[in-house]
Amino acid sequence: MAESTETRSSVDTDVARITELLREARARTIRLIEPLSDEDLRVQHDPLMSPIVWDLGHIAHFEELWLTRNVHGKVEFGEMPGIYNPFEHPRRVRGALDLPGRDEVLEILSEVRQRVLDKLETLDLEAGDPLLRDGYVYAMVAQHEYQHNETMLQTLQLKRGSAYRAPRAFSVPDPAIQVAVGSMVRFPGGMIPIGTGDRRVAYDNERPRHLVGLQPFRIDVSPVTNAQYIAFLEDGGYSRRELWSEAGWAWKQADEASAPKYWSRDGTTWHTRVFDRTGPVDPRRPVCHVTYHEAEAFARWAGKRLPNEFEWEAAASFDPQTGAHRTFPWGEDPWTPAHANLDQLTFETAPVGAYPLNISPIGCYGMIGDAWEWTSSDFRAYPGYEMFPYPEYSETFFGSEYKVLRGGSFATRPGAIRNTFRNWDYPIRRQIFSGFRCASDD
Ligand SMILES: [Fe+2]
C-alpha cells in the first residue's frame, strides 16, 4: 500500500515537472512575440531567416510530432512532411508559404499542448523506453523551443520596419572584477575527457564522453572585446590580404564587409544597434556578429589562432589540479542571473568582468553567455557516436561545411547550454550572436 502511494506520487512529480517545463518554455515564446504586430509576425524580414510565424507553427508541429505521435513506440518521422518541415522548405522560401495568422497559430499551439498534457497523464516514464526515460523527449522538445527562441531573436535583430521593442527585464551589471583582456592562461594538455554520457538533456552529438589527447596550449582569459577588435580594424585588418584565408577573403570581398554586422562609423566613432538601442560601441564588451572568417583574420593579426572545440571545452570544464570536470565553467550549480549573461532578458552583451562567478577552473572568464565563440573545428561525430533519436538533428549536418561554436550567447536560454553543448554554422554567418576568443600553441 505504502509502496504504491510512493510510486503514484513520483509519477505525479514527473508530470508536474514536465508540465511546468513546457509551460515555462511557452511563456517565454509568447513574451518575445508580444511587442510584434501581425504584419511583423508574417513577413520574411531577411532571406536568411524564417517569418516568425513559421517558427511558431514549427514549434507546435515538432511538439505534436514528438509528444503525441513519436512519444513511444516507433518513430514515424524525425520531421513530419508539410509546410513546417525545414528540409522541404529552406528559410529563404518560407515567406511564400501559406502560413497561418497570429490567432490561428496561437490556437494551434494551445490545442497541441492540451493533447500533449492529456497524453502525458497516460505514460509510464520509468518503463525503460530511452525516449521516455527521465522525460528525455520532453526535455528535447523544450530545448527545441528554447533554440527557436534564439533564432527568433536573430530574426528580430534583422527586423524590417521599426526596430523590435525588446522586452528588457534586467540591465547587465557593471564590471565587478578586473579581467586582463588579451592575456592568456596555460592549459597543460593531456588525455582530457570531452563530451558527456548524459541522457537526460544532452543531444546525441555531445555523446559519448571520450578522451582526447591535447598538447599544452594557451587560451585567452576573456572573449575578444570590441576594443581589441577596433585595434584590428584600425590597423587595416580588413584590407590586409595576408591575414585572411582564401575563403575568408572571398567572403569579405563579396559581402563588402569592413566591420562587424550592425556597426557603422560616425566620424571617428563606431556605432552599433542592438534591437531598438543604438549607440557607440562599448569597448569593454565582447565583439558580436562576426563570421568565422573575421575571427580567424583577427587571430592571425594578433599572432594567435582560434582554439579547436576540444581545447575550448577543456578550458571551460577541466580542472588540471584535481582532474574534475564541470558542467558549467563555475561548477554544477544551475544557472542564475548572477552566473552569466544568458536567458535573453538583458537583450545585449555585458562588459567583461560583469559576472564574477563566470570563471572556469583554469581562470577563463565568460565562456558561457554573452556571445557564442567560434572554434576551428568542423562539426563531426565523436568516436562512438550513436544517432538518437533522429538523424536530422545532428547527423545530417556532420561534415566539413560547418564550424562549431561553443558557449551560448545572451540570447540563449539556460536549458540549451552547457560546457559540452555544440552549435554549428556556416563560416560566413554573422546574423547569429557570435564572437570568439583566441588560443596559441604553448
Ligand atoms: Fe526546429
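Before reading further, recall that the structure is shown in the block above.
Residues numbered from 1 in each chain as written. Predicted model: local features only at pLDDT ≥ 70, side-chain atom pairs only at ≥ 80, totals over all residues. Heavy atoms only, no water.

Examining the pairing of strand β9 (residues 399-406)
In terms of burial, β9 is largely enclosed, as 6 of its 8 residues are buried. Sheet analysis places β9 next to strand β10 (residues 423-425), joined by 3 bridges and oriented antiparallel. Note on β10: the bridge partner recorded for Lys 403 is Asp 425. (Buried < 20%, exposed > 50% of the residue type's maximum accessible area, 1.4 Å probe, protein only. Helix = DSSP H or I, 4+ residues; strand = E, 2+ residues; numbered from the N terminus. Pairing = 2+ DSSP bridges.)

Things to note about helix α6 (residues 226-234)
All buried positions along α6 are accounted for by Asn 226, Gln 228, Tyr 229, Ile 230, Phe 232 and Leu 233. If you follow the buried residues of α6, they end up packed against β5 (263-266), β6 (269-274) and α8 (292-301). Remark: Gly 236 follows α6 within two positions and exhibits a positive phi of approximately 75°. (Contact = heavy atoms within 4.5 Å.)

Re the packing of helix α3 (residues 52-69) against helix α5 (residues 136-157)
Contact geometry of α3 with α5 gives a least axis separation of 10 Å together with a crossing angle of 175°. In terms of their interaxial angle, α3 and α5 are classed as roughly antiparallel. In this structure, α3 contributes Ile 52, Trp 54, Asp 55, Leu 56, His 58, Ile 59, Phe 62, Glu 63, Trp 66 and Leu 67 to the contact, and α5 contributes Val 137, Tyr 138, Met 140, Val 141, His 144, Glu 145, His 148, Thr 151, Met 152, Thr 155 and Leu 156. When its residues are assigned to classes, the contact of α3 with α5 shows 13 nonpolar, 5 polar and 3 charged. (Axes fitted to C-alpha atoms, helices over the stretch in contact; angles between N-to-C directions. Parallel < 35°, antiparallel > 145°, perpendicular 65-115°, else oblique. Nonpolar A, V, L, I, M, F, W, Y, C, P; charged D, E, K, R; others polar.)

Observations regarding the pattern of salt bridges
Opposite charge on two side chains lets them pair, provided their charged atoms get close. Per the stated rule, a full pass over the model turns up 37 salt bridges. One salt bridge connects Arg 285 with Glu 348, and the closest N-O pair in it is separated by 3.2 Å. Of the two residues, Arg 285 sits in the loop between β7 (277-280) and α8 while Glu 348 sits in the loop between α9 (309-317) and β8 (372-379), which places them 63 residues apart along the sequence. Per residue, the accessibility class of Arg 285 equals that of Glu 348, and both read buried. (Salt bridge = Lys/Arg side-chain N within 4 Å of Asp/Glu carboxyl O.)

Let's talk about the side chain of Ser 50
Tracing the sequence through the fold places Ser 50 in the loop between α2 (38-42) and α3. With relative accessibility at 2%, the residue Ser 50 sits in the buried group. Discounting chain neighbours no more than four positions away, the residues touching Ser 50 are Gln 44, Asp 55, Arg 91, Arg 94 and Thr 155.

Digging into the layout of surface pockets
By volume, the largest pocket amounts to about 1,200 Å³. In this structure, the largest pocket is lined by 39 residues; those nearest its centre are Arg 91, Thr 151, Phe 397, Trp 424 and Asp 425. Mapped by element, the contributors of at least two residues to the lining of the largest pocket are α3, α5, β9 and β10. For the lining of the largest pocket, the element with the highest residue contribution is α5, accounting for 7 residues. Here the residues of the lining of the largest pocket are counted per class, giving 18 nonpolar, 10 polar and 11 charged. In this structure, the second largest pocket spans a volume of roughly 620 Å³. (1 Å grid on protein atoms, 1.4 Å probe; cavity = no way out; pocket = protein on both sides within 12 Å on 5 of 7 lines; lining within 4 Å. Points joined across faces, edges and corners; volume = space filled by probe spheres on them.)

No statement about biological role is implied by the geometric values presented.
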